[in-house]
Amino acid sequence: MSKWIFLLAAVVMQMTPGTVVADDRPNIVWIFSDDHSYQTIGAYGGRLESLNPSPNIDRLAAEGMRFDRAYVGNSICAPSRATLLTGLHSHLNGKIDNIGPFNHDQQQFQKILQANGFQTVMVGKIHLSGKMQGFDYWEVLPGQGNYYNPQFITEEGRTKYEGEYVTDVITRRAVNWLKNGRDEEKPFMLMVHHKAPHRNWQPAKREMSRYEDVEIPEPDNLFDDYATRGVAASGQEMEINRHMNLESDLKLGGRYKGNPQYASRQKWFEENKPTGIDLIKWKYQTYLKDYLRCTWSVDESVGKILDTLEEQGLSDNTIVMYSSDQGFYMGEHGWFDKRFMYEESFRTPLIARWPGKIKPGSVNTDLVQNIDFAETFLDLAGAPIPDEMQGESLVPLLEGKTPEDWRDSLYYHYYEYPAVHSVRRHEGVFDGRWKLIRYYGRNVPNKEEWELFDLKNDPSEMNNVASNPEYASRIATLKKELSRLREQYDVPNET
C-alpha cells in the first residue's frame, strides 16, 4: 500500500525516517468550508446547478478530479476536524461530539509533515479548543467564530478585525502568507478553513442582492412526513417548519430590526405575514438564499487563492483540495443541519487539482472517507504514515489507479445525544448501494431501531425497508459487515 512508499524510499536512499527528501515534493493547499453541501456546488449537478453557485470551485473540478462518493465518519463540526488531523474515527481520537475537549498532544498529520521539512500553516476555523500544535503559523477563530468583526487567536494572543467579514479576513491572511510568509526553499501545507456557510448564514453585505428575484427550486421531499422511518427521523429538531428561528436564523426583528442589510426582508414579511405552507416555503427560500450568499464568498476565496498560486508561480507544483467538514440539508426531508447518516449530511464534497498527475475533468466513484485525508497529505509529502491511522491514502485514486483491495464499505457513528437538534445516537454501514442504520439508546423504542435503504432505487431515502421480510438476507449480510467494521476500527460496545 502507499503508506509504505516512504519506508521503501528510506531503504533505497539509505536514509532514516524523518530525513527530508528532495524538495520537489508538491505543496498542498487544503481549503475546508463548514457545512458546504455538495448539492450547492455546480460541479455536482442537481436541482441548484442552474443557479451557477460555485464558478471557482467548478473550475477546480474542471481542472482536476471530483469525488462523487466522499463521506464522513461522524457528521458534526469538531469531530470531523479531529478526524481530519488524526486520521482516526471519533472513538479513538476522543472527540465524539462538539462538547468535550480535544487532546492536542496526540499524533496529528501536521506534526509529521513539520518533522519532514514542510512548512505547516492553519488559518480560519478549527473548532478544537486549546493551543494548536504542529503548525509553524496558526491563526484560528475561537469556537464557532463570528461572521462580522471576527476575532482570531494566534500564538501571540487575540486580534479583532473590526468592520470586516470573516471569509474576507481568512482569505486575505492566507493570501498574505503565500506572498510574504513562506520559506521559498521548503514545500508547504496551507490549510484555509472557512466558517461559512455555518448557521446562522450571515452573508457579506455585497452579496445581499444575489438571488433576490430568483425562485430557488424545492426538493421533492420538502414536506416529508417520515412515514416509513422511526423515532429518530420524526423526533429530531431540525425542521425548517418547526425549528428554524425567525430572528436568529432568518434575521427578522429582535437584534436585526433596523439593520439595513435585512430591511427589505423585514418590510416584506410585515406586509405579507405568511402562514402555514406559505410560511414554510418563505422560510425555505430565505434560508437557501442566505446560505448561497455565504457560499459565494467562499467560492470567491477559492478563486483568489488559485489566482495567487498562479501569480507566485506555484500552480504547477501545488495540489489544491476543496472539501467540507460534512454535508448539509438544503430542505431535503424538510430539514436544515446535518448529523444523520442520510446521504445529504453523510456525504461531503471533495475536489482536487494536481497538474500533471490528475486528469482534468475526471470523476472518482470509489468509497472514500475523511479518515483518509491525513494519510493522503503524508503520502503526498513522502512522509511516514503511522500504522494506527485508520484510513488509506487517496494518492493512487488521484492518479487514476484504484487499488485492488480498496474498501467496499464505510462505517459511520453519530454520538451527540441528548443535545441540540435531538438526533438519536446511531451507527451504520454503507456498501455503495445499501445503507443499514442502527439507532440505539434509552430514547429509542426497545433501545434499538433499524433502517435499511436501497440507494439505487430510493436515492432520497424515503422508504425504509428494514421490516420487510424480503430483505432479511440483505440485512443479515450488512449486520455481519457492520460487525466486521466495528472490529476493524476497534469500536467499543454501545448500548
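Residues numbered from 1 in each chain as written. Predicted model: local features only at pLDDT ≥ 70, side-chain atom pairs only at ≥ 80, totals over all residues. Heavy atoms only, no water.

1. Let's talk about the overall build of the protein chain
In terms of regular secondary structure, the protein chain is built from 14 helices and 16 strands. With respect to the principal axes defined by its C-alpha atoms, the protein chain has extents near 70 × 60 × 40 Å. Relative to its full complement of 495 residues, the protein chain shows a buried share of 61%. In the protein chain, the proportion of contacts linking residues at least 24 apart, taken out of those at least 6 apart, comes to 68%. Counting every atom, the protein chain has about 19200 Å² of accessible surface; 47% of that belongs to carbon and sulfur. (Helix = DSSP H or I, 4+ residues; strand = E, 2+ residues; numbered from the N terminus. Buried < 20%, exposed > 50% of the residue type's maximum accessible area, 1.4 Å probe, protein only. Contact = heavy atoms within 4.5 Å. Areas by Shrake-Rupley, 256 points an atom, 1.4 Å probe, with all protein chains shown as cover.)

2. Remarks on the packing of helix α3 (residues 77-86) against helix α12 (residues 373-380)
As a packed pair, α3 and α12 sit with axes 6 Å apart at the nearest point and diverge in direction by 30°. When the interaxial angle is binned, α3 and α12 end up roughly parallel. Crossing angle aside, the handedness with which α3 passes α12 is right-handed. Between α3 and α12, the contacting residues are Leu84, Leu85 and Thr86 on the first element and Phe373, Ala374 and Phe377 on the second. Grouping the amino acids of the contact of α3 with α12 by side-chain chemistry returns 5 nonpolar, 1 polar and no charged. (Axes fitted to C-alpha atoms, helices over the stretch in contact; angles between N-to-C directions. Parallel < 35°, antiparallel > 145°, perpendicular 65-115°, else oblique. Left-handed = near helix turned anticlockwise from the far one by under 90°. Nonpolar A, V, L, I, M, F, W, Y, C, P; charged D, E, K, R; others polar.)

3. Considering the pattern of salt bridges
In total, this model carries 39 salt bridges according to the counting rule given. With a shortest N-O distance of 3.1 Å, Asp35 and Lys338 are connected by a salt bridge. Highlighted residues: Asp35 in the loop between β1 (27-33) and α2 (55-62) and Lys338 in the loop between β9 (318-324) and α11 (343-346), separated in sequence by 303 residues. Accessibility expressed as a relative area gives 0% for Asp35, which makes it buried. Judged by relative accessible area, which is 3%, Lys338 ranks as buried. Across the pair Lys281 and Glu218 runs a salt bridge whose closest N-O atoms are separated by 2.9 Å. With a gap of 63 residues between them, Lys281 in helix α10 (residues 276-311) and Glu218 in the loop between β8 (188-193) and α7 (231-235) connect regions that are remote in the sequence. According to the relative accessible area criterion, Lys281 is partly exposed, its value standing at 30%. With relative accessibility at 27%, the residue Glu218 sits in the partly exposed group. Sharing partners across several salt bridges, the network here consists of Asp35, Asp337, Lys338, Arg339 and Glu416. (Salt bridge = Lys/Arg side-chain N within 4 Å of Asp/Glu carboxyl O.)

4. Here's the deal with the side chain of Ser301
Summarising the element assignment, Ser301 is placed in helix α10. Look at Ser301 and you get buried, because its relative accessible area is 1%. There is a polar contact of 3.1 Å between the side chain of Ser301 and the side chain of His194. Beyond its immediate chain neighbours, meaning those up to four positions away, Ser301 contacts Thr167, Thr171 and His194. (Polar contact = N/O pair within 3.5 Å; in protein donor to acceptor, adjacent residues only side chain to side chain.)

5. Some words on the packing of α2 against α10
When two helices pack together, their arrangement is given by the angle between the helix axes and the distance between those axes. With their axes 7 Å apart at the nearest point, α2 and α10 run at an angle of 50° to one another. In terms of orientation, α2 and α10 fall into the oblique class. In contact with Pro55, Asn56, Ile57, Arg59 and Leu60 of α2, α10 contributes Trp296, Asp299, Glu300, Val302, Gly303, Leu306 and Asp307.

6. Quick word on the nonpolar core
With 59 residues, the main nonpolar core has Val29, Ile31, Leu190, Trp201, Tyr287 and Tyr322 as its most contacted residues. Setting aside residues up to four positions removed in sequence, Leu190 forms contacts with Ile28, Val29, Trp30, Val121, Ala174, Trp177 and Leu178. By size, the runner-up hydrophobic cluster in this structure holds 45 residues, among which are Met65, Trp354, Phe377 and Leu380. (Core = buried A, V, L, I, M, F, W, Y, C linked by side-chain atoms within 4.5 Å.)

7. As for helix α6 (residues 166-181)
Side chains that are three or four residues apart share a direction in an α-helix, a result of its 3.6 residues per turn. Those residues of α6 not exposed but buried are Val166, Thr167, Val169, Ile170, Thr171, Ala174, Val175, Trp177 and Leu178. On its buried side, α6 packs onto β4 (119-124), β6 (151-154), β8 and α10.

8. Describing the sheet that holds strand β13 (residues 410-414)
Spatial ordering of the open sheet is given by β13-β14-β15-β16, a layout of 4 strands whose pairing is antiparallel. For this open sheet the edge positions go to β13 and β16 (448-454), each flanked by a neighbour on one side alone. Here the strands of the sheet are splayed against their neighbours by 15° on average, with no regard to which way each runs. Note: strand β14 (residues 426-430) against strand β15 (residues 434-440), 5 bridges, orientation antiparallel. Across the sheet, the residue bridging to Glu427 is Arg438, located in β15. (Pairing = 2+ DSSP bridges.)

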